[in-house]
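Here's the letter readout for the chains.
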Amino acid sequence: MSPHSAPTWPSEFAERYRAAGWWRGETFGSMLRERAEAHPDRIAVVDPVAGTRWSYAELDRRADRLAAGFDSGARTGPT
């Protein structure tokens, strides 16, 4: 497999998961946005070590900021 290709699931798994409604043909970003709009104050992420809790709205905001960094060509190391 090329390092740039995504792994695939066997077709029988994919068919079963779609039939059960577990795979809906949506991206993680669209799923997160949908949850953030429907349930903005519900807890999405808990870090028991740091004692941090993020709501779906907060997780969505942080994901947007991270994606904006990727879009802007964020780089690591010297330029």
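Right above here is the structure, for reference.
Quick caveat, the model's predicted, so the values are computed rather than measured.

## Thoughts on helix α3 (residues 56-71)
Phase 1 of the analysis: With 16 residues, α3 extends 22 Å from end C-alpha to end C-alpha; this agrees with the ideal 22 Å at 1.5 Å per step.
Phase 2 of the analysis: For α3, the complete set of buried residues consists of Ala57, Glu58, Leu59 and Asp60.
Phase 3 of the analysis: Summarising the contacts, the buried residues of α3 are in contact with α2 (28-38), β1 (43-47) and β2 (52-55).

## Thoughts on the pattern of salt bridges
Phase 1 of the analysis: What the rule picks out here adds up to seven salt bridges.
Phase 2 of the analysis: Note that Glu58 is salt-bridged to Arg61, the shortest N-O span being 2.9 Å. Here Glu58 pairs with Arg61, and both are found in helix α3, just three residues apart, close to one helical turn.
Phase 3 of the analysis: Sharing partners across several salt bridges, the network here consists of Arg24, Glu26, Glu34 and Arg35.

## Topic: the pairing of β1
Phase 1 of the analysis: Where β1 lies against β2, four bridges are found, and the strand directions are antiparallel. Along β2, the bridge assignment pairs Val45 with Trp54.
Phase 2 of the analysis: Hairpin remark: β1 followed by β2, antiparallel, with four residues in the connecting loop; positive phi at Gly51, about 70 degrees.

## Looking at the side chain of Asp60
Phase 1 of the analysis: Residue position: Asp60 is located in helix α3.
Phase 2 of the analysis: Given the relative accessible area of 10%, Asp60 is considered buried.
Phase 3 of the analysis: Residues in contact with Asp60, not counting those within four places in the same chain, are Leu32, Arg33 and Ala36.

## Topic: the side chain of Glu58
Phase 1 of the analysis: Classification of Glu58 by relative accessible area gives buried; the value is 18%.
Phase 2 of the analysis: Here Arg62 takes part through its side chain, which lies 2.6 Å from a polar atom of the side chain of Glu58.

## Describing the packing of aromatic side chains
Phase 1 of the analysis: Scanning the entire structure with this criterion turns up six aromatic pairs.
Phase 2 of the analysis: Between Trp9 and Tyr17, the aromatic rings sit 6.2 Å apart at their centres with planes inclined by 70 degrees, giving edge-to-face as the arrangement.
Phase 3 of the analysis: Note on Trp9: relative accessible area 53%, which makes it exposed.
Phase 4 of the analysis: A relative accessible area of 17% places Tyr17 in the buried class.
Phase 5 of the analysis: Where Tyr17 meets Trp22, the ring centres are 5.6 Å apart and the plane angle is 50 degrees; that geometry is what we call tilted.
Phase 6 of the analysis: According to the relative accessible area criterion, Trp22 is exposed, its value standing at 61%.
Phase 7 of the analysis: Sitting over the face of the ring of Phe13, Arg16 holds its NZ or CZ atom 4.9 Å from the ring centroid.

Conventions adopted
- Residues numbered from 1 in each chain as written.
- Predicted model: local features only at pLDDT ≥ 70, side-chain atom pairs only at ≥ 80, totals over all residues.
- Heavy atoms only, no water.
- Helix = DSSP H or I, 4+ residues; strand = E, 2+ residues; numbered from the N terminus.
- Expected span 1.5 Å × (residues − 1).
- Buried < 20%, exposed > 50% of the residue type's maximum accessible area, 1.4 Å probe, protein only.
- Contact = heavy atoms within 4.5 Å.
- Salt bridge = Lys/Arg side-chain N within 4 Å of Asp/Glu carboxyl O.
- Pairing = 2+ DSSP bridges.
- Polar contact = N/O pair within 3.5 Å; in protein donor to acceptor, adjacent residues only side chain to side chain.
- Phe/Tyr/Trp six-rings, centres within 6.5 Å; stacked < 30°, edge-to-face > 60°.
- Lys NZ or Arg CZ within 6 Å of the ring centre and 35° of its normal.

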